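Next come the chains, spelled out residue by residue.
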Amino acid sequence: MGFEGIGASVKRREDLRFLSGRGNYTDDINRPGQLHAVIVRSPHPHARITAIDTAAARAAPGVAAVFVGEDMAAENIGGLPCGWQVKNKDGSPMAEPPHPVLAIGKVRHVGDPVAVVIAETKAQARDAAELVSVTYEELKGAPTLEAALKPGAPAVHDDVPGNVCYDWHLGDKDATDAAFAGAHKVARLELVNNRLIPNAMEPRAAVGEYDTMSGEYTLYTTSQNPHVIRLLMGAFVLHIPEHKLRVVAPDVGGGFGSKIYHYAEEAIVTWASAKVKRPVKWTAERTESFMSDAHGRDHVTVAEMAMDANGKFLGLRVRTLANMGAYLSTFAPCVPTYLYATLLAGTYTTPAIYAEVKAVFTNSVPVDAYRGAGRPEATFLLERLVDQCAIEMGLDRVEIRKRNFIPSSAFPYQTPVALQYDSGDYGATLEACLKAADWAGFEARRAEAKARGKLRGIGISTYLEACGIAPSAVVGSLGARAGLYEVANIRVNPTGSITVFTGTHSHGQGHETTFAQLMADKFGIPMDQIEIVHGDTARIPFGMGTYGSRSLAVGGSAMVKAADKIIAKGKKIAAHLLEADAADIEFKDGRFQVAGTDRAKALAEISLTAYVPHNYPIEELEPGLEETAFYDPKNFTFPGGCHIAEVEIDPDTGVTHVVNFTAVDDVGRVINPMIVEGQIQGGVAQGIGQALLETCVYDEDGQLISGSMMDYTMPRADDLPNISVGTAITLCTHNPLGVKGCGEVGAIGSPPAVIGAVVDALKDHGVRHIDMPATPQKVWGIINANRPRMAAE
Amino acid sequence: MPRVSLTVNGKPVSAEVEDRTLLVELLRETLRLTGTHVGCDTSQCGACVVHVNGDSIKSCTLLARQAEGAEVVTIEGLAAADGTLHPMQEAFREYHALQCGFCTPGMVMSAIDLVKKNPQGLSEQEIREGLEGNLCRCTGYHNIVKAIDAAQQVMHGKVKELPRAAAE
Ligand code: FES
Ligand code: FES
């Protein structure tokens, strides 16, 4: 199927509706009789609630109901559950304090929901929300890692001493200590991984609806994984049996991780819809998104690398503090542990690694996975540290990487931090990227920029990541409370068209196109004969959704497995019709053919026979042509590659522009190059955003300072360069498609390349590292604090 | 409640609104034209951009009553009656200038106005600067810039057919 199948840049089928204003996002859904909910949130970082007076709000025009935490507690509504338990060094479980849907007794971050007001119109709900009077006794807040770990720091949760959620480690401490004892040189780096606010362009929204006749609940929500929400909310929070709960995640306007989690507002509108017996809708205002969507990153780390006399890495020691925020979000505990420390070998042969991670509660919004989740933090640390190693050893940044790469002959490669890489060729992506970025010609460009009064620098990152999440038994042994397989149901309709029901969810990734291409290739029929269905628990089988670059590697593999079952059954039907042996039937280009003959039946003939089984092997075969497959991956997948950034700094203003960005990535087999390129460009844009522009700021008490798009710097078109993307692939060895994943590599690989370039541009100013974001203020400060001597001029 | 009358996508409409009702609320909630989106509350994101009397404006920043008598065009009103896409819509599809699609309506409406107001043609840098008022979190803008560049060539009559994206 050359043109539409695997490897073709097919235009996206979802585009027409989005370009015509006919998308169907959650806030576009309006149910008959719908009411509107507005959430009253804490303006304080940390306070005791001493009284809530809702009388005036209840009496306001149009108000149907006002609920507070006690109303939910009275009905035994559970707290929001955490899906991953991490253990302390001594094997004891992490601290897991309750996370009430609506605050009870205390608020712990600005934005903590306290009450919900439900009214006929949004404006009425908003007006009435102003009338809810909450009396707070303010407490001292501790929004940052530093503040929460100080002796005598305020306790975010009364029963969590010292605010420590867990104190965890990974790796071989003794072997690592021995490596340092025998080191020729040690490079050391302290760094901060800045806290980010995801800001998908569609604000979260939820519509709850209760059918008083059937007792069924429906929740429409901005989610990346509707079945996960159904399970968590049904089983742990609202105690609604799953067969009475339907969760629909329609078109979703971007997620980047922030729409994985089960949020309070979903439970509130669903529960409230039964109380008021009308549908209830809530849509976040952007200001609410800033203070209620899970944030990302927020680490403080000290790392050291021991090297021998040739610059070979002998041992890596890492100590990280990770901010969890005020409560544990759904997957928060695994992010700075199993998605982070396991990545610390990177693309290098470092034989001994020891990492310690302390997770800390603070008076800030919960922190969870944001594009890359743990892997950008590990990559930033490692790649920045490798640059320090080059300085220590007096080696070129490329040379030190080459000396330490895992050679392509070494796969499968077992790292000292649990992962076993299946395939890769780091030398190949490096060489291709050096060439594409004209690394060799850089000094001439630096000189040319200097003549224009600009400081130009170049930076490189040779990263690796682990995605295709995840083998269920492995993650189960590491504390996951869920399986992470994926599922596909393929229904060949009687006339031969195909409907595929997938447990993954598309919120910008173009699955409706990529999966249709995959199936067109597999079944040898045109794409327009194939429909991809996702996002509605009433239609799709129990799947785990989309995050961790898993949809193709895990979901696509499930599809291939289901397709193989269809083809196997089709062969039996064809054998019957063609009076041949099933073993002699070949399936090719949409036809079942007796090998070596021209006797064949088209897929549509087989499907019609399956549903109209008049002439059919009914004794041995059930009618119908529909199969389901669950696919549990054998391993993670390991995309990797090389990113090179080139920046120019205006020394008068400190403004940094990324002038060139080149990526060459190994994402495994590529189904749709156009979509892959777009995914990587989008990821790189978020990486450049983290490196130069974005950061979440709390004041010392815990007020959110960067609480709107006027205060938090989102990358705009003129902040970014063209982003050149190439691929140099090796195939994943353990999934049927050989795919690895491309959703996160951009955000993972790019930040250290950009910061490396900024540092390189400022190398005459005595800096070896700059924490993100490298804002004009910061860069200008460095330039002016350390003016280079003019003697040479 | 006061009444406002205007033309939306060529059709006269009239509705009761509160004084504080925003144009975007009138479009989305009263007229159920949900193609125009709301992405922020500080006039920063441009997801809400529509054309009012031929100019692109942020419909979250205009009161409905200020649109009295105005000609409003939303993303739903762009394609020809027979469904033929506007060259800008076509270009966005051709150049993969959208992913989740949420910023897209505002982005397309802004881009059309930007191109129209610059008959001399825009450089890549000028296109980037012209998109200052529109945020996209998905694409990194690379393909949006390419799409607008291709569309301007058609809109200014420099070429008859949209230049195709390079084949892989
Ligand atoms: S909604 Fe963001 S600018 Fe109008
Ligand atoms: S396509 Fe998702 S925000 Fe632009």
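Nothing here was measured: the structure is a model prediction, and the numbers come from that model.

**A look at the overall build of chain B**
And step 1. When helices and strands are tallied, chain B shows five helices and five strands.
And step 2. Beginning at the N terminus, the succession of helices and strands in chain B can be written as β-β-α-β-β-β-α-α-α-α.
And step 3. Over its C-alpha atoms chain B spans a radius of gyration of 16 Å, differing by no more than 12% from the 15 Å that the globule rule assigns to 168 residues.
And step 4. Judged by the C-alpha coordinates and their principal axes, chain B covers about 55 × 30 × 25 Å.
And step 5. Relative to its 168 residues, chain B shows a buried fraction of 55%.
And step 6. On chain B, the mean spot of the 16 positive side-chain charges and the mean spot of the 21 negative ones are 2 Å from each other.

**Some thoughts on the packing of aromatic side chains**
Residues and elements named next belong to chain A.
And step 1. The tally for this structure, following the rule as stated, stands at 17 aromatic pairs over all chains.
And step 2. Here Tyr 210 and Tyr 217 contribute two aromatic rings whose centre-to-centre distance is 4.6 Å and whose plane-to-plane angle is 50°, an arrangement assigned as tilted.
And step 3. Among the residues examined, Tyr 210 registers a relative accessible area of 22% and is labelled partly exposed.
And step 4. Residue class for Tyr 217 comes out buried when judged on its relative accessible area of 16%.
And step 5. When the centroid spacing of 6.3 Å and the interplanar angle of 35° are considered together, the rings of Phe 331 and Tyr 547 count as tilted. Highlighted residues: Phe 331 in the loop between strand E14 (313–325) and strand E15 (352–361) and Tyr 547 in the loop between strand E21 (530–533) and helix H16 (551–578), separated in sequence by 216 residues. Across the pair, exposure class does not vary: Phe 331 and Tyr 547 are buried alike.

**Brief notes about the domain arrangement of chain B**
Residues and elements named next belong to chain B.
And step 1. Along its sequence, chain B is carved into domain 1 (3–77) and domain 2 (87–155).
And step 2. Averaged C-alpha coordinates put domain 1 and domain 2 at centres separated by 21 Å.
And step 3. Counting the surface domain 1 buries against domain 2, the share from its top three residues, His 37, His 51 and Ile 75, is 40%.
And step 4. Linking domain 1 to domain 2 there are one salt bridge.
And step 5. Linking Lys 117 and Asp 55 is a salt bridge whose minimum nitrogen-to-oxygen distance equals 2.8 Å.
And step 6. Scanning the region where domain 1 abuts domain 2 turns up eight residue pairs in polar contact (both at pLDDT 80 or more).
And step 7. Only strand E3 (49–52) and strand E4 (55–58) provide two or more residues apiece to the side of domain 1 that touches domain 2.
And step 8. Classifying every residue of the side of domain 1 that touches domain 2 by side-chain character gives seven nonpolar, nine polar and two charged.

**Let's talk about the sheet that holds strand E18 (residues 455–464) of chain A**
Residue and element names in this part refer to chain A.
And step 1. Pairing within the open sheet is mixed, and its four strands lie in the order E18-E26-E27-E28. Every other strand in the sheet has two partners, leaving E18 and strand E28 (723–727) as the edge strands with one partner each. Each strand of the sheet is rotated relative to its neighbour by a mean of 15°, with strand direction disregarded.
And step 2. Relative to E28, strand E27 (residues 656–666) runs parallel, the two sharing five bridges. Within E28, the residue paired with Ala 663 across the bridge is Val 725.
And step 3. Packing against the sheet, helix H18 (residues 673–693) makes contact with strand E26 (640–649), E27 and E28, and its axis sits at approximately 135° to E27.

What counts, and at which threshold
- Residues numbered from 1 in each chain as written.
- Chains lettered and ligands numbered in written order.
- Predicted model: local features only at pLDDT ≥ 70, side-chain atom pairs only at ≥ 80, totals over all residues.
- Heavy atoms only, no water.
- Helix = DSSP H or I, 4+ residues; strand = E, 2+ residues; numbered from the N terminus.
- Rg over C-alpha atoms; globule rule 2.2 N^0.38 Å.
- Buried < 20%, exposed > 50% of the residue type's maximum accessible area, 1.4 Å probe, protein only.
- Lys, Arg positive; Asp, Glu negative; His and termini not counted.
- Charge placed at Lys NZ, Arg CZ, Asp CG, Glu CD.
- Phe/Tyr/Trp six-rings, centres within 6.5 Å; stacked < 30°, edge-to-face > 60°.
- Domains from an automatic or database assignment.
- Buried area = accessible area lost by both parts, 1.4 Å probe.
- Salt bridge = Lys/Arg side-chain N within 4 Å of Asp/Glu carboxyl O.
- Polar contact = N/O pair within 3.5 Å; in protein donor to acceptor, adjacent residues only side chain to side chain.
- Nonpolar A, V, L, I, M, F, W, Y, C, P; charged D, E, K, R; others polar.
- Pairing = 2+ DSSP bridges.
- Axes fitted to C-alpha atoms, helices over the stretch in contact; angles between N-to-C directions.
- Contact = heavy atoms within 4.5 Å.

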